[in-house]
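Residues per chain are reported as follows:
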Amino acid sequence: MTSSTSRAAAPASRTAVSSTRLADGRELLYFDDGTTPQQRRTEDTRGLPPRGPSGEVRFDALTGEWVAVAAHRQHRTHLPPADECPLCPSTPGRPSEIPAPDYDVVVFENRFPSLGPDLAAAPVAPGWGTRGTAGGRCEVVAFTPDHTGAFAKLGTRRVRTVIDAWAHRTEALSALPGVQQVFCFENRGQDIGVTLHHPHGQIYAYPYLTPRAAVMARAAEAFLAATGQTLTGHILAGERADGSRMLVEGEHFSAYVPFAARWPLEIHLVPHRQVPDLAALNGAERDELAVIYPDLLGRLDGLYGTPTPYISAWHQAPVDPALRRSGYLQLQITSPRRAADKLKFLAGSEAAMGAFINDTTPEQVAAALRATAAGRTGTP
């Protein structure tokens, strides 16, 4: 395998990037804590089989939504022991997905992708029976070479590197043919469905606009047309004025428990400036984000004194220029944990009807999360 080295494209980035290819042709990128790329051996010596074809997308005419069919993922790695972890650095006699003996942050194409490796947009004007190639791309983001740990404990410099990696990949994936939306996220905890213990996240580049993004885009477009203001900016101003659900008010970002939270634990983190995606954040915004974001995750763990499962989801504006004028970057952190020993399961009303019923009040949750910042625990 050959390797090439370059600086990250975004001016706000403070991270060096070097790229290589794995034995089956998948792309892998190293993101280093600093602007000088590390020199490392990157050859993948494994005898991997050729990559299989993409799965398919099928159109659900009842809802107008796409469903990805990826049966090949049934055989993906599931909770391996530490000495078989594919995200740990390679060692003599035990090669992993990451050829180097050490790294800071790594992003690589998923060996068992839900989307891709082909690049193709979903079919236009679909109806019942419409199917197409599940184009797009799925990438894995390894936050640290350490097998154990949590994002909240990475340290500010490492979190900044991860932010630069998200921004770099958002910009690169948004430019790929057929990609309509880029989604950076982390699933944390076995209760959420995590299949690898090693601290990591994922990035999906979809060949269609996802249902949640479509709903949010329609609401944002309608509000902008009616008022001339961004919807997220309007909500942020309202939450800051009310104050009862606020968690953090920084120079560039604010965090709050939303007025109509769906989940027992839910936090929204929003920049004060309208930006469409992570790639558009400037250096000062990324610096503050590297401090505020892990603080919020730490508060979730501080509620009950044990790790809280969560989904951390970056909502970015769709690739379509017509939807980006009202698009507004925001992070939504949600957890089904409603008590120290209880989880909320999506049952009849939520799973079948999409009608959420929350077991906590946003104001109580906000008060408990504020208390954890002061070194105390609180029960919402």
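### With respect to helix H7 (residues 362-373)
- For H7, which comprises 12 residues, the first-to-last C-alpha distance of 17 Å matches the rise-based estimate of 16 Å (1.5 Å per residue) to within 8%.
- Among the residues making up H7, those that are buried are Pro362, Val365, Ala366, Ala368, Leu369, Ala371 and Thr372.
- Packing partners of the buried residues in H7 comprise strand S11 (246-249), strand S13 (265-271) and helix H4 (283-304).

### Some words on the nonpolar core
- Counting 51 residues, the largest nonpolar core has Phe151 and Trp166 as its most contacted members.
- Sorting elements by how many residues they give to this core places H4 first, with 9 residues.
- The residues touching Trp166, leaving out its near neighbours within four places in the chain, are Phe143, Phe151, Cys184, Ile203, Leu278, Tyr293 and Trp314.

### So, the packing of aromatic side chains
- Scanning all chains against the criterion turns up 12 aromatic pairs.
- Note on Phe183 and Phe185: the rings are 4.6 Å apart at their centroids and 15° apart in plane angle, and the pair reads as stacked.
- By relative accessible area, which is 8% here, Phe185 ends up buried.
- One aromatic cluster is present, formed by Phe143, Phe151, Trp166, Tyr293 and Trp314 through successive ring pairs.

### Here we look at unusual backbone geometry
- Here the residue pair Gly116 and Pro117 is connected by a cis peptide bond, since its omega of 15° sits within 30 degrees of zero.
- Within the secondary structure layout, Pro117 lies in the loop between strand S6 (105-109) and strand S7 (131-133).
- In the Ramachandran plot, Ala125 falls in the positive-phi region, its phi being about 50° despite a non-glycine side chain.
- You can see Ala125 is positioned in the loop between S6 and S7.
- For Ala125, a relative accessible area of 77% corresponds to the exposed category.

### With respect to the side chain of Arg158
- One can find Arg158 in helix H1 (residues 156-174).
- Arg158 gets classed as buried once you look at its relative accessible area, which sits at 13%.
- A polar contact is formed between the side chain of Arg158 and the backbone oxygen of Phe143, at a distance of 3.5 Å.
- Filtering out sequence-adjacent residues up to four positions away, Arg158 remains in contact with Asp33, Asp104, Val105, Phe143, Thr144 and Pro145.

### Quick notes on the environment of Phe31
- By secondary structure assignment, the location of Phe31 is in strand S3 (residues 27-32).
- When residues no more than four places from it in sequence are discounted, the contact partners of Phe31 are Thr15, Ala16, Val17, Asp104, Val105, Val107, Thr161, Ala165, His168 and Arg169.

### Here we look at the packing of H1 against H4
- Viewed as axis vectors pointing N to C, H1 and H4 meet at an angle of 120°, and their least axial separation amounts to 9 Å. One element, H1, and the other, H4, form an angle in the oblique class. The chirality of how H1 crosses H4 is right-handed. Contacts between H1 and H4 involve Thr156, Val159, Arg160, Ile163, Asp164, Trp166 and Ala167 from the first element and Gly283, Arg286, Asp287, Leu289, Ala290, Val291, Tyr293 and Pro294 from the second.
- Among the residues making up the contact of H1 with H4, the classes are represented as 9 nonpolar, 2 polar and 4 charged.

### Describing the confidence of the model for the protein
- For the protein, the average pLDDT comes to 92, and 94% of its residues sit at 70 or higher.
- Contacts for the low-pLDDT stretch residues 1-10, under 50 throughout, to residues beyond four places or in other chains number 29 contacts.

### Quick look at the sheet that holds strand S4 (residues 56-60)
- Taken together, the 3 strands give an open sheet; going across it, the order is S5-S4-S7, and neighbouring strands pair in antiparallel fashion. Looking at strand neighbours, the two that pair on one side only are strand S5 (65-69) and S7, the edges of this open sheet. Mean inter-strand twist for the sheet, computed between neighbouring axes without regard to direction, equals 30°.
- Relative to S7, S4 runs antiparallel, the two sharing 3 bridges. Bridged to Val57 within S7 is Gly132.

The rules behind each value
- Residues numbered from 1 in each chain as written.
- Predicted model: local features only at pLDDT ≥ 70, side-chain atom pairs only at ≥ 80, totals over all residues.
- Heavy atoms only, no water.
- Helix = DSSP H or I, 4+ residues; strand = E, 2+ residues; numbered from the N terminus.
- Expected span 1.5 Å × (residues − 1).
- Buried < 20%, exposed > 50% of the residue type's maximum accessible area, 1.4 Å probe, protein only.
- Contact = heavy atoms within 4.5 Å.
- Core = buried A, V, L, I, M, F, W, Y, C linked by side-chain atoms within 4.5 Å.
- Phe/Tyr/Trp six-rings, centres within 6.5 Å; stacked < 30°, edge-to-face > 60°.
- Polar contact = N/O pair within 3.5 Å; in protein donor to acceptor, adjacent residues only side chain to side chain.
- Axes fitted to C-alpha atoms, helices over the stretch in contact; angles between N-to-C directions.
- Parallel < 35°, antiparallel > 145°, perpendicular 65-115°, else oblique.
- Left-handed = near helix turned anticlockwise from the far one by under 90°.
- Nonpolar A, V, L, I, M, F, W, Y, C, P; charged D, E, K, R; others polar.
- pLDDT = per-residue confidence, 0-100.
- Pairing = 2+ DSSP bridges.

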